[in-house]
Amino acid sequence: MASRVRQAELAASNIITASKRYDGDIWFDCEPSHRRELVRVEAGVIPFDPSVGRATVGDSVPEAKVPEASVAGVIVPTLSIGPQDHIGISGDNGTGKTTLFRYIESLLDSPHDVDTRLLAPQLGVQEQEQSQERKLRVLIIEQEMNEAQIAATFGTVDELGKEEYSQLCGSLAQLNADPEHILAERSPSAGEVRKLQLCLGALRHPHVIMMDEPTNHLDLHSVESLARVLKAFTGSLAVISHNEHFLSQITNIRWQTERDSRDHTRLRIE
(Lines give C-alpha, C1' and ligand atoms only; values in the text may rest on other atoms or scores of the structure.)
Protein backbone atom coordinates (compact mmCIF):
# COMPACT_ATOMS: atom_id res chain seq x y z
CA MET A 1 0.00 0.00 0.00
CA ALA A 2 2.83 2.39 0.88
CA SER A 3 4.45 1.66 -2.49
CA ARG A 4 1.23 2.47 -4.35
CA VAL A 5 0.85 5.74 -2.44
CA ARG A 6 4.42 6.68 -3.33
CA GLN A 7 3.81 5.95 -7.05
CA ALA A 8 0.64 8.06 -6.98
CA GLU A 9 2.50 10.97 -5.35
CA LEU A 10 5.26 10.74 -7.97
CA ALA A 11 2.75 10.74 -10.81
CA ALA A 12 1.02 13.79 -9.38
CA SER A 13 4.36 15.56 -9.01
CA ASN A 14 5.19 14.87 -12.66
CA ILE A 15 1.85 16.28 -13.79
CA ILE A 16 2.41 19.50 -11.81
CA THR A 17 5.96 19.83 -13.16
CA ALA A 18 4.79 19.39 -16.75
CA SER A 19 2.01 21.92 -16.22
CA LYS A 20 4.45 24.52 -14.92
CA ARG A 21 6.89 23.77 -17.74
CA TYR A 22 4.31 24.51 -20.43
CA ASP A 23 2.41 27.24 -18.63
CA GLY A 24 2.18 30.50 -20.55
CA ASP A 25 0.20 32.67 -22.93
CA ILE A 26 0.40 31.94 -26.64
CA TRP A 27 -0.44 35.61 -27.37
CA PHE A 28 2.20 37.03 -25.03
CA ASP A 29 2.76 40.73 -25.92
CA CYS A 30 0.39 40.55 -28.92
CA GLU A 31 -1.85 43.56 -29.51
CA PRO A 32 -4.13 44.82 -32.30
CA SER A 33 -2.81 47.03 -35.07
CA HIS A 34 -3.29 50.76 -34.54
CA ARG A 35 -4.64 51.14 -38.06
CA ARG A 36 -8.36 51.79 -38.29
CA GLU A 37 -8.74 49.70 -41.44
CA LEU A 38 -6.43 46.81 -42.34
CA VAL A 39 -7.98 45.71 -45.62
CA ARG A 40 -10.59 47.22 -47.93
CA VAL A 41 -12.21 45.36 -50.82
CA GLU A 42 -14.22 47.49 -53.25
CA ALA A 43 -17.63 46.26 -54.39
CA GLY A 44 -17.56 44.24 -57.59
CA VAL A 45 -16.53 40.82 -58.88
CA ILE A 46 -13.45 38.93 -57.72
CA PRO A 47 -12.68 36.60 -60.65
CA PHE A 48 -12.27 32.87 -60.12
CA ASP A 49 -9.33 33.09 -62.52
CA PRO A 50 -6.74 35.34 -60.82
CA SER A 51 -5.18 36.23 -64.19
CA VAL A 52 -8.38 38.05 -65.17
CA GLY A 53 -8.74 41.66 -64.09
CA ARG A 54 -11.31 42.63 -61.46
CA ALA A 55 -14.68 44.08 -62.38
CA THR A 56 -15.69 46.81 -59.94
CA VAL A 57 -18.92 48.72 -59.50
CA GLY A 58 -19.92 51.90 -57.77
CA ASP A 59 -21.18 51.88 -54.21
CA SER A 60 -24.51 53.18 -55.56
CA VAL A 61 -25.29 49.82 -57.18
CA PRO A 62 -27.42 47.76 -54.72
CA GLU A 63 -25.94 44.44 -53.61
CA ALA A 64 -23.02 44.95 -56.00
CA LYS A 65 -25.09 43.79 -58.98
CA VAL A 66 -23.14 43.16 -62.18
CA PRO A 67 -24.06 42.48 -65.81
CA GLU A 68 -24.38 38.84 -66.82
CA ALA A 69 -21.62 39.34 -69.37
CA SER A 70 -19.05 40.29 -66.78
CA VAL A 71 -16.20 38.06 -65.62
CA ALA A 72 -17.08 34.86 -63.73
CA GLY A 73 -16.36 35.15 -60.05
CA VAL A 74 -17.56 36.14 -56.58
CA ILE A 75 -19.84 39.18 -56.36
CA VAL A 76 -18.92 41.12 -53.22
CA PRO A 77 -20.19 44.29 -51.55
CA THR A 78 -17.64 46.76 -50.19
CA LEU A 79 -15.72 44.95 -47.44
CA SER A 80 -13.64 46.40 -44.64
CA ILE A 81 -11.54 44.49 -42.12
CA GLY A 82 -10.79 46.23 -38.85
CA PRO A 83 -7.99 45.63 -36.33
CA GLN A 84 -10.08 43.39 -34.04
CA ASP A 85 -12.55 41.82 -36.47
CA HIS A 86 -12.84 38.03 -36.23
CA ILE A 87 -14.33 36.92 -39.55
CA GLY A 88 -15.62 33.44 -40.34
CA ILE A 89 -15.93 32.54 -44.03
CA SER A 90 -18.22 29.65 -44.92
CA GLY A 91 -20.22 28.29 -47.86
CA ASP A 92 -20.55 25.28 -50.13
CA ASN A 93 -17.55 23.96 -52.01
CA GLY A 94 -16.95 25.78 -55.27
CA THR A 95 -18.63 29.02 -54.19
CA GLY A 96 -15.44 31.10 -53.99
CA LYS A 97 -14.28 31.01 -50.37
CA THR A 98 -10.67 30.37 -51.34
CA THR A 99 -10.92 32.88 -54.22
CA LEU A 100 -11.89 35.57 -51.71
CA PHE A 101 -9.21 34.40 -49.28
CA ARG A 102 -6.48 34.60 -51.95
CA TYR A 103 -7.64 38.03 -53.08
CA ILE A 104 -7.39 39.41 -49.54
CA GLU A 105 -3.93 37.87 -49.32
CA SER A 106 -2.95 39.70 -52.51
CA LEU A 107 -4.07 43.02 -51.01
CA LEU A 108 -1.85 42.33 -48.01
CA ASP A 109 1.14 41.36 -50.14
CA SER A 110 3.02 44.66 -49.94
CA PRO A 111 6.65 44.49 -48.78
CA HIS A 112 6.66 48.20 -47.93
CA ASP A 113 4.19 48.21 -45.06
CA VAL A 114 3.24 44.55 -44.51
CA ASP A 115 5.28 41.65 -43.16
CA THR A 116 3.95 38.22 -44.19
CA ARG A 117 7.20 36.36 -43.50
CA LEU A 118 6.44 35.58 -39.86
CA LEU A 119 7.19 31.88 -40.42
CA ALA A 120 10.62 32.60 -41.92
CA PRO A 121 13.90 33.12 -40.03
CA GLN A 122 14.11 36.68 -38.75
CA LEU A 123 16.11 39.37 -40.53
CA GLY A 124 18.92 41.51 -39.19
CA VAL A 125 18.32 43.50 -36.00
CA GLN A 126 17.64 46.82 -37.75
CA GLU A 127 15.25 45.31 -40.32
CA GLN A 128 13.58 43.21 -37.64
CA GLU A 129 12.89 46.29 -35.51
CA GLN A 130 11.35 48.03 -38.51
CA SER A 131 9.22 44.96 -39.22
CA GLN A 132 8.06 44.68 -35.64
CA GLU A 133 7.30 48.36 -35.10
CA ARG A 134 6.09 49.78 -38.42
CA LYS A 135 4.72 46.99 -40.58
CA LEU A 136 1.39 45.22 -40.41
CA ARG A 137 2.34 41.70 -39.33
CA VAL A 138 0.27 39.03 -41.08
CA LEU A 139 0.34 35.30 -40.31
CA ILE A 140 -1.02 33.15 -43.16
CA ILE A 141 -1.55 29.41 -42.62
CA GLU A 142 -2.54 27.52 -45.75
CA GLN A 143 -4.80 24.50 -45.96
CA GLU A 144 -2.19 22.35 -47.74
CA MET A 145 1.59 22.46 -47.30
CA ASN A 146 4.32 20.70 -49.25
CA GLU A 147 7.51 19.15 -47.89
CA ALA A 148 9.56 22.24 -48.68
CA GLN A 149 7.22 24.44 -46.64
CA ILE A 150 7.32 22.02 -43.72
CA ALA A 151 11.13 21.88 -43.87
CA ALA A 152 11.27 25.69 -43.91
CA THR A 153 9.03 25.77 -40.84
CA PHE A 154 11.43 23.56 -38.90
CA GLY A 155 14.32 25.64 -40.23
CA THR A 156 12.74 28.62 -38.49
CA VAL A 157 12.40 26.58 -35.29
CA ASP A 158 16.15 25.94 -35.43
CA GLU A 159 16.77 29.71 -35.42
CA LEU A 160 14.93 30.25 -32.14
CA GLY A 161 16.70 31.17 -28.95
CA LYS A 162 16.21 29.24 -25.72
CA GLU A 163 13.45 31.50 -24.38
CA GLU A 164 11.46 31.48 -27.63
CA TYR A 165 11.87 27.71 -27.96
CA SER A 166 10.48 27.25 -24.45
CA GLN A 167 7.55 29.54 -25.27
CA LEU A 168 6.91 27.55 -28.47
CA CYS A 169 6.72 24.33 -26.44
CA GLY A 170 4.26 25.92 -24.04
CA SER A 171 2.05 27.15 -26.86
CA LEU A 172 1.99 23.74 -28.54
CA ALA A 173 0.92 22.12 -25.28
CA GLN A 174 -1.99 24.56 -25.04
CA LEU A 175 -3.15 23.30 -28.45
CA ASN A 176 -3.36 19.71 -27.20
CA ALA A 177 -0.07 18.79 -28.89
CA ASP A 178 3.03 16.96 -27.67
CA PRO A 179 5.86 19.48 -28.27
CA GLU A 180 8.65 17.01 -27.61
CA HIS A 181 7.24 14.57 -30.16
CA ILE A 182 6.63 17.21 -32.86
CA LEU A 183 9.96 18.99 -32.46
CA ALA A 184 12.08 15.87 -32.05
CA GLU A 185 10.53 13.54 -34.64
CA ARG A 186 10.05 16.24 -37.30
CA SER A 187 7.49 14.16 -39.16
CA PRO A 188 4.30 15.93 -38.09
CA SER A 189 0.81 15.22 -39.32
CA ALA A 190 -1.06 17.90 -41.29
CA GLY A 191 -2.85 19.02 -38.13
CA GLU A 192 0.40 19.20 -36.16
CA VAL A 193 2.02 21.36 -38.86
CA ARG A 194 -0.81 23.89 -38.54
CA LYS A 195 -0.44 23.94 -34.75
CA LEU A 196 3.32 24.44 -35.08
CA GLN A 197 2.94 27.28 -37.58
CA LEU A 198 0.33 29.05 -35.45
CA CYS A 199 2.55 28.86 -32.36
CA LEU A 200 5.65 29.84 -34.31
CA GLY A 201 3.84 32.80 -35.86
CA ALA A 202 2.57 33.87 -32.43
CA LEU A 203 6.18 34.51 -31.39
CA ARG A 204 6.28 37.33 -33.98
CA HIS A 205 3.22 39.08 -32.49
CA PRO A 206 0.91 39.11 -35.53
CA HIS A 207 -1.75 41.76 -36.09
CA VAL A 208 -3.65 39.56 -38.55
CA ILE A 209 -4.10 35.78 -38.78
CA MET A 210 -5.56 34.10 -41.87
CA MET A 211 -6.31 30.36 -41.79
CA ASP A 212 -7.86 28.10 -44.44
CA GLU A 213 -9.77 25.10 -42.97
CA PRO A 214 -7.67 24.91 -39.77
CA THR A 215 -9.79 22.15 -38.19
CA ASN A 216 -9.08 19.61 -40.93
CA HIS A 217 -7.13 16.62 -39.56
CA LEU A 218 -7.73 17.66 -35.94
CA ASP A 219 -9.47 15.57 -33.28
CA LEU A 220 -12.29 17.03 -31.19
CA HIS A 221 -10.07 18.02 -28.24
CA SER A 222 -7.60 19.77 -30.56
CA VAL A 223 -10.44 21.66 -32.27
CA GLU A 224 -11.70 22.89 -28.90
CA SER A 225 -8.20 23.93 -27.86
CA LEU A 226 -7.70 25.79 -31.14
CA ALA A 227 -11.04 27.56 -30.71
CA ARG A 228 -10.11 28.65 -27.19
CA VAL A 229 -6.76 30.04 -28.38
CA LEU A 230 -8.13 31.87 -31.44
CA LYS A 231 -11.00 33.38 -29.46
CA ALA A 232 -8.44 34.96 -27.12
CA PHE A 233 -6.45 36.50 -29.99
CA THR A 234 -6.69 40.30 -29.72
CA GLY A 235 -5.93 41.09 -33.36
CA SER A 236 -7.81 40.52 -36.61
CA LEU A 237 -8.74 37.01 -37.71
CA ALA A 238 -10.08 35.56 -40.99
CA VAL A 239 -10.86 31.84 -41.05
CA ILE A 240 -12.39 29.59 -43.70
CA SER A 241 -14.18 26.59 -42.22
CA HIS A 242 -17.12 24.24 -42.74
CA ASN A 243 -17.28 23.71 -38.98
CA GLU A 244 -20.13 25.98 -37.90
CA HIS A 245 -19.69 25.31 -34.18
CA PHE A 246 -16.00 26.19 -34.42
CA LEU A 247 -16.72 29.45 -36.28
CA SER A 248 -19.44 30.42 -33.78
CA GLN A 249 -16.86 30.21 -30.98
CA ILE A 250 -14.14 32.36 -32.55
CA THR A 251 -15.84 34.95 -34.80
CA ASN A 252 -18.00 38.05 -34.45
CA ILE A 253 -18.57 38.59 -38.20
CA ARG A 254 -19.76 36.01 -40.73
CA TRP A 255 -19.27 36.00 -44.50
CA GLN A 256 -21.30 33.43 -46.44
CA THR A 257 -20.71 32.52 -50.11
CA GLU A 258 -23.71 31.28 -52.11
CA ARG A 259 -24.37 30.20 -55.70
CA ASP A 260 -25.95 33.12 -57.59
CA SER A 261 -25.92 32.01 -61.24
CA ARG A 262 -23.99 29.75 -63.58
CA ASP A 263 -20.98 32.09 -63.63
CA HIS A 264 -21.28 33.92 -60.34
CA THR A 265 -21.46 33.33 -56.63
CA ARG A 266 -22.31 36.01 -54.09
CA LEU A 267 -20.88 36.95 -50.72
CA ARG A 268 -23.37 37.87 -48.02
CA ILE A 269 -22.47 39.43 -44.69
CA GLU A 270 -24.40 38.02 -41.74
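Just above sits the structure.
Quick summary incoming for the structure in this document. (Residues numbered from 1 in each chain as written. Predicted model: local features only at pLDDT ≥ 70, side-chain atom pairs only at ≥ 80, totals over all residues. Heavy atoms only, no water.)

What follows is about the packing of helix α5 (residues 162–174) against helix α7 (residues 190–202). Running from amino to carboxyl end, α5 crosses α7 at an angle of 130°, the nearest separation of the two axes being 9 Å. Classified by the interaxial angle, the pair formed by α5 and α7 is oblique. Remark: the crossing between α5 and α7 carries right-handed chirality. Packed against α5, whose contacting residues are Leu-168, Ser-171 and Leu-172, the element α7 presents Lys-195, Leu-196, Cys-199 and Leu-200 at the interface. Of the residues in the contact of α5 with α7, the class split is five nonpolar, one polar and one charged. (Axes fitted to C-alpha atoms, helices over the stretch in contact; angles between N-to-C directions. Helix = DSSP H or I, 4+ residues; strand = E, 2+ residues; numbered from the N terminus. Parallel < 35°, antiparallel > 145°, perpendicular 65-115°, else oblique. Left-handed = near helix turned anticlockwise from the far one by under 90°. Contact = heavy atoms within 4.5 Å. Nonpolar A, V, L, I, M, F, W, Y, C, P; charged D, E, K, R; others polar.)

Along the chain, Glu-37 falls in the loop between α1 (2–21) and β1 (39–41). On a C-alpha basis, the gap between Glu-37 and Gly-82 in space is 4.8 Å, while along the polypeptide they are 45 residues apart. A polar contact is formed between the side chain of Glu-37 and the side chain of Arg-40, at a distance of 3.2 Å. Within the structure, Glu-37 has its side chain in polar contact with the side chain of Ser-80 (distance 2.6 Å). (Polar contact = N/O pair within 3.5 Å; in protein donor to acceptor, adjacent residues only side chain to side chain.)

Relative orientation of the contacting elements helix α4 (residues 147–158) and α7 amounts to 40°, with a least axis distance of 11 Å. What the angle tells us is that α4 and α7 run oblique. When the axes of α4 and α7 are compared, the crossing they make is left-handed. Listed contacts from α7 to Ile-150, Thr-153, Phe-154, Thr-156 and Val-157 of α4 are Val-193, Leu-196, Gln-197 and Leu-200.

This part covers unusual backbone geometry. Phi at Arg-186 takes a positive value of approximately 60°, unusual for a residue other than glycine. For Arg-186, the location among the structural elements is in the loop between α6 (179–185) and α7. Classification of Arg-186 as partly exposed rests on a relative accessible area of 35%. A positive phi is found at Glu-213, a non-glycine position, where the angle reads about 50°. Within the secondary structure, Glu-213 is located in the loop between β9 (208–212) and α8 (220–231). Taking the relative accessible area as the measure of exposure, Glu-213 reaches 5% and is therefore buried. (Buried < 20%, exposed > 50% of the residue type's maximum accessible area, 1.4 Å probe, protein only.)

Turning our attention to the nonpolar core. The nonpolar side chains of soluble globular proteins are, as a tendency, buried together. With 37 residues, the main nonpolar core has Trp-27, Leu-168, Leu-198, Leu-230 and Phe-246 as its most contacted residues. When near neighbours in sequence (up to four residues on either side) are disregarded, Leu-198 contacts Trp-27, Leu-139, Ile-141, Leu-175, Ile-209, Leu-226 and Leu-230. Val-74, Val-76, Phe-101 and Leu-136 belong to the second largest nonpolar core, which has 25 residues in total. (Core = buried A, V, L, I, M, F, W, Y, C linked by side-chain atoms within 4.5 Å.)

Take the environment of Ile-250 next. Along the chain, the position of Ile-250 falls in helix α9 (residues 244–250). When the C-alpha positions of Ile-250 and Ile-87 are compared, they lie 8.4 Å apart, and in sequence the two are 163 residues distant. Beyond its immediate chain neighbours, meaning those up to four positions away, Ile-250 contacts His-86, Ala-227, Leu-230, Lys-231, Leu-237 and Val-239.

Note on placement: Thr-156 falls in helix α4. Classification of Thr-156 by relative accessible area gives buried; the value is 1%.

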